[in-house]
Amino acid sequence: MLISKRKQWIVQSITYIVLIGFSFYCLFPFLWMVVTSLKPDNEIRTLTPSFLIQHPTIEHFINVLTSSSFLTFFKNSVYVSLVVTAASLIISIFAGYALSRFVRFRGVKLFGVAMLLSQMIPGVLLLIPLYLTMKELHLINTYSSLILAYTTFTVPLCTFMMKGFFDSIPIDMEESAEIDGCTRVGTIFRILLPVSLPSLVSTSMFGFLNSWNEFMFGFVFINDEQHRTLTPGIYLFKGLYQTDWGSMMASSVLSVLPVVIMFLFLQRFLVEGMTAGAVKG
């Protein structure tokens, strides 16, 4: 019995050591980014980089907030991400419900397969056609170009996330609502959505992060600072002959903080939503 407990303790210790090692490996880029943002320029450009900060400073954060258009970029990203999240969520709720409940109808499965195949096409292949389309529609340098592009690439996966949750809800709940005189749309909003809060949160977070972190379309479609979003805006700290690493790391830390805070408060809903529909019973 003593040997068995000892083996169990050894296994648990090794497990925790391995998990701590993987956690440090995953957090290393973020930690290095934070450390670099707090270093003065002479410590950043040293030949022997180190985690230790000899003279901590917040001058890079002050420079980002006062001498750049970071706050404008931040505001633009918040606006675009929220609109994309709302649009993607509304579309994916109805599309996911249709894929879950109307499987017996012709064309529904084909529609689902088409959405799945669309996720296999790299966005860079559609960059030129989308740019030409936006140009013909006079949407270059507007929020609409980013909202349309981001929503197009976000809806398919959001739809399958909602479909997985709708599949886990018994059809009896809808039948009872219909007997009480509830319409199909009423059933979705009054019966299904109130019990699908975890899935709604996880789907919303995916839509928000997908547009918050996107760089390629934001860099190509937007050329003026008035409509530029955060990730292309951070890239502006990289000059032609010199890169302001301190300001770039400071702006990156500020852009990551809202996402980290969001995950801390919504982590429980995220885990429940991602596992919804995985096990049926």
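Analysis parameters
Residue numbers here run from 1 along each chain, matching the order of that chain's written sequence. Reporting of local features is limited, given that this is a predicted model, to residues whose pLDDT is at least 70; pairs of side-chain atoms are given and counted only at 80 or more, and all residues count toward the totals for whole chains, interfaces and linings. In computing side-chain properties, one takes all heavy atoms of the structure into account and sets aside hydrogens as well as water. For Phe, Tyr and Trp, rings pair up if their centres lie within 6.5 Å, where Trp contributes its six-membered ring, and each pair is then called stacked (planes under 30 degrees apart), edge-to-face (over 60) or tilted (otherwise). Charge-over-ring placement is defined geometrically: NZ (Lys) or CZ (Arg) within 6 Å of the ring centre, and within 35 degrees of the ring normal. Fitting a line to C-alpha atoms yields each axis, with helices limited to the stretch in contact; the angle taken between N-to-C directions then spans 0 to 180 degrees. Helix and strand definitions here come from DSSP, where helices need a minimum of 4 consecutive H or I residues and strands a minimum of 2 consecutive E residues; each element is numbered from the N-terminal end. Any angle that is under 35 degrees is reported as roughly parallel, and any over 145 degrees as roughly antiparallel; angles of 65 to 115 degrees are reported as roughly perpendicular and all others as oblique. Should the near helix be turned counterclockwise from the far one by less than a right angle, the crossing is left-handed, whereas a clockwise turn marks it as right-handed. Any two residues whose heavy atoms approach within 4.5 Å are treated as being in contact. Residue polarity is assigned by list, with Asp, Glu, Lys and Arg as charged and Ala, Val, Leu, Ile, Met, Phe, Trp, Tyr, Cys and Pro as nonpolar; anything else, Gly included, falls into the polar class. What we call a nonpolar core is a set of buried Ala, Val, Leu, Ile, Met, Phe, Trp, Tyr and Cys residues that are connected through their side-chain atoms within 4.5 Å. Residue exposure (1.4 Å probe, protein chains only): buried if accessible area is under 20% of the type maximum, exposed if over 50%, otherwise partly exposed. Under the rule applied, a polar contact is a pair of N or O atoms within 3.5 Å (in protein, one hydrogen donor and one hydrogen acceptor; residues adjacent in sequence only if both atoms are side-chain atoms). It is the directions from the helix axis to the C-beta atoms that the arc portrays.

Asks: Help me understand the packing of aromatic side chains in this model?
Replies: Any pair of aromatic rings gets described here by the distance separating the centres and the angle formed by the planes. Within the structure shown, the criterion is met by 17 aromatic pairs. An aromatic cluster is present here, built from F24, F28, W32 and F51 joined pairwise through their rings. Over the aromatic face of W32 sits the side chain of K39, whose NZ or CZ is 5.1 Å from the ring centroid.

Asks: Looking at this model, I keep getting lost on the packing of helix α4 (residues 70-101) against helix α10 (residues 197-212). Mind explaining?
Replies: Working note: a packed helix pair is described by the angle between its axes plus the distance between those axes. Between α4 and α10, the shortest axis-to-axis distance is 8 Å and the interhelical angle comes to 135°. Here α4 is positioned oblique relative to α10, judged by the angle of their axes. The crossing of α4 and α10 is right-handed. On the side of α4, the interface is formed by F74, S77, V78, S81, L82, V84, T85, L89, S92 and I93, while α10 contributes L200, T203, S204, G207, F208, S211 and W212. Looking at the contact of α4 with α10 residue by residue, the class counts come to nine nonpolar, eight polar and no charged.

Asks: Mind showing me how you'd approach the nonpolar core here?
Replies: Soluble globular proteins: nonpolar side chains tend toward being buried together. Core analysis: the biggest nonpolar cluster contains 20 residues, and V64 and L230 have the highest contact counts within it. Every element with two or more residues in this core is listed here: α3 (59-66), α4, α10, α12 (230-235) and α13 (245-275). Counting residues per element, this core draws most heavily on α13, which supplies seven residues. V64 has contacts with F70, F237, S247, A250, S251 and L254, leaving out every residue within four places of it along the chain. With 12 residues, the next largest nonpolar core counts V80, L127, M134 and Y150 among its residues.

Asks: Sorry if this is basic, but what is going on with unusual backbone geometry here?
Replies: As a rule of thumb, non-glycine residues mostly have phi less than zero, and peptide bonds are mostly trans rather than cis. The phi dihedral of H138 is positive, around 60°, even though this residue is not glycine. Relative to the helices and strands, H138 resides in the loop between α6 (127-136) and α7 (143-168). You can call H138 exposed: its relative accessible area is 68%. At N141, a residue that is not glycine, the phi angle is positive and equals roughly 65°. Residue placement: N141 occurs in the loop between α6 and α7.

Asks: Would you mind showing me how to read the environment of D224 here?
Replies: Mapped onto the elements of the fold, D224 is located in the loop between α11 (216-221) and α12. Separated by 3.0 Å, the side chains of D224 and H227 make a polar contact.

Asks: How should I be thinking about α3 in this particular structure?
Replies: An α-helical turn contains 3.6 residues, so any two residues separated by three or four positions project in the same direction. If you check which residues of α3 are buried, you get H60, F61 and V64. Along the axis of α3, the buried residues cluster in a sector spanning 100°; they form a single face.

Asks: I'm lost on the environment of L132 in this one. Help?
Replies: For L132, the position within the fold is in helix α6. The exposure class assigned to L132 is partly exposed, which follows from its relative accessible area of 48%. When the C-alpha atoms of L132 and P29 are compared, they prove to be 36 Å apart, with 103 residues separating the residues in sequence.

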